[in-house]
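Listed below, chain by chain, are the residues.
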Amino acid sequence: MAKNDFSKGSVLGNIISLALPMTLAQLINVLYNVIDRIYIGKLGTEATLALTGLGVCLPAITIVIAFANLIGMGGAPLFSIERGAGHDNEAEAILGNSFAMLLVLSALLTVFGFIFKIPLLRLLGASDDTLPYANSYLTIYISGNLFVMISLGLNSFINAQGFGKTGMMTVIIGAVMNIILDPIFIFILDMGVKGAAAATVISQFASAVWTFSFLTGKRAILKIKLEKMRCTLKRVRRITVLGTAGFTMAITNSIVQMAYNMGLQNHGGDVYIGAMTIINSIREVIYMPIAGFSNGAQPVIGFNYGAGKNDRVKTGIKWMSGILTSYTLFAWLIVSLFPRFFIGIFSSDPEIMRVGVTSMHIYFFGFFMMALQSSGQSTFTALGKSKQAIFFSIFRKVVIVTPLIFILPNWFGVNGVFLSEPISNFIGGAACFITMIIMVYKRL
């Protein structure tokens, strides 16, 4: 297929044509939650408790994202590989099966979310003071998780067809709506935390409508078709097995966030969870270009792998690794020099500022190692090597960082909780990248 054929032209040019709009889309995507946190941080006397309550919800929100990744990051690379091999009928069947799986999973998440939300929030570190805020936000968010699943899960298939700008619009539409609706719902209608959740759900609904309309419309190369939604065990297994990498990356994020909340509640209290909520928000913004560029590289690498163009695959890996490493070094420098500026965007609480500055310096130390982790896992995923991608996600977050969260405070107090992150980045990032070079790059 001549249109959006990634086996032709400059490899870097193909990556950038997808990565730029996808990176912008990823940056805008964080506004869904980050804008919420900025506004909630301005609620006056209840701001710190409300912000902490929202922070308690983050692992639960990440679980929803994990299931969207299970399908989107599982189906889209297979979709790209089949397109590259010229198997358009199979690629379209993968798209249809993925959509059906998103519908089923969203329904199950809604049911389980309402049944277990209170015990879950307690487990995530909610105190008696923060539980009402956390429960209010999560109740509304769970009600609209279908829209989150569709917009996140299906957007990968728009990007995989080479329509990076259209994929970016999916995110822009929702983000702009969220920016407009947040102050209206939170302040004018005096809904507080509930208003932030409602604005997010309505915005995701708009994104979901846009995504579905494109993939059933005339512009898409391959479309969602009712007859292709009939799931087969073989396709569901292929999507799930490969998507387990993206799912594991997200679900282990949830586990780490949960561990952080528990460790900080035990050794510091609500103010440290509030500071961690801000640090997580800053990290989301900084990490999004990494996710955007690596996601932009995956369809190009996967397409050329399917087409047997190994030299172009290697070129794509080199560009992805070099650009991500340069960016993360720059990002580390900026957050190290201006921590008060970033914290001040979210809160003016002197105690949050005092705790947050020290914690940020510790947490972001050696942040450039995340580039190696992302490059290695993205390469494994693009080439359909799900086992390796899954292993290194579990290795860094579950085997290294989670135990350290509970071990290091014995020697370093509450700062030990934050110290677990850079240690895991150095060990996990180096292990993942070196393994990718040996197992993949040298054998291409």
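Structural notes, computed from the coordinates.

Right, let's get into the overall build of the protein chain. Each helix and strand in the protein chain was counted, giving 17 helices and zero strands. Since a compact globule built from 444 residues should have a radius of gyration of about 22 Å, the 21 Å found for the protein chain is in line with a globular shape. For the protein chain, the spread of C-alpha atoms along the three principal axes comes to 60 × 45 × 35 Å. Relative to its 444 residues, the protein chain shows a buried fraction of 59%. Across the protein chain, every contact between residues at least 6 apart in sequence was considered, and the portion connecting residues at least 24 apart equals 83%. When the accessible surface of the protein chain is totalled, it reaches about 16,900 Å², and 68% of it is carbon and sulfur. Of note, the protein chain has its 32 positive side-chain charges centred 14 Å away from the centre of its 18 negative side-chain charges.

The next subject is the pattern of salt bridges. For side chains bearing opposite charge, pairing can occur when the charged atoms are close. Considering all chains together, one arrives at nine salt bridges under this definition. One salt bridge in this structure joins Glu 284 and Arg 37, with 3.1 Å as the shortest N-O distance. You can see Glu 284 sitting in helix H10 (residues 270-306) and its partner Arg 37 sitting in helix H2 (residues 31-40), a full 247 residues away along the chain. Through salt bridges with shared partners, one network takes in Glu 82, Glu 90, Arg 235 and Arg 238.

Each pair of packed helices can be described by the angle between their axes along with the distance between the axes. Viewed as axis vectors pointing N to C, helix H3 (residues 47-84) and helix H6 (residues 145-160) meet at an angle of 20 degrees, and their least axial separation amounts to 8 Å. Classified by the angle between their axes, H3 and H6 sit roughly parallel to one another. The chirality of how H3 crosses H6 is right-handed. Packed against H3, whose contacting residues are Val 64, Ile 65, Phe 67, Ala 68, Ile 71, Gly 72, Gly 75, Ala 76, Phe 79, Ser 80 and Arg 83, the element H6 presents Asn 145, Val 148, Met 149, Leu 152, Gly 153, Ser 156, Phe 157 and Ala 160 at the interface. Considered class by class, the residues forming the contact of H3 with H6 number twelve nonpolar, six polar and one charged.

Moving on, we get to unusual backbone geometry. One non-glycine residue, Asp 190, lies in the positive phi region at around 55 degrees. Looking at the secondary structure, you find Asp 190 in the loop between helix H7 (164-188) and helix H8 (193-215).

Tracing the chain through its elements places Asn 425 in helix H17 (residues 415-439). Non-local contacts of Asn 425, meaning those with residues more than four positions away in its chain, are made with Met 369, Met 370, Arg 396 and Ala 430.

Turning our eyes to something else, we now look at H6. Its 16 residues place the ends of H6 23 Å apart at the C-alpha level, agreeing with the 22 Å of an ideal helix rising 1.5 Å per residue. Of all 16 residues that make up H6, twelve are buried, and the element is covered over most of its length. Along H6, the positions that sit buried rather than exposed are Asn 145, Val 148, Met 149, Ile 150, Ser 151, Gly 153, Leu 154, Asn 155, Phe 157, Ile 158, Asn 159 and Ala 160.

Conventions used here
- Residues numbered from 1 in each chain as written.
- Predicted model: local features only at pLDDT ≥ 70, side-chain atom pairs only at ≥ 80, totals over all residues.
- Heavy atoms only, no water.
- Helix = DSSP H or I, 4+ residues; strand = E, 2+ residues; numbered from the N terminus.
- Rg over C-alpha atoms; globule rule 2.2 N^0.38 Å.
- Buried < 20%, exposed > 50% of the residue type's maximum accessible area, 1.4 Å probe, protein only.
- Contact = heavy atoms within 4.5 Å.
- Areas by Shrake-Rupley, 256 points an atom, 1.4 Å probe, with all protein chains shown as cover.
- Lys, Arg positive; Asp, Glu negative; His and termini not counted.
- Charge placed at Lys NZ, Arg CZ, Asp CG, Glu CD.
- Salt bridge = Lys/Arg side-chain N within 4 Å of Asp/Glu carboxyl O.
- Axes fitted to C-alpha atoms, helices over the stretch in contact; angles between N-to-C directions.
- Parallel < 35°, antiparallel > 145°, perpendicular 65-115°, else oblique.
- Left-handed = near helix turned anticlockwise from the far one by under 90°.
- Nonpolar A, V, L, I, M, F, W, Y, C, P; charged D, E, K, R; others polar.
- Expected span 1.5 Å × (residues − 1).

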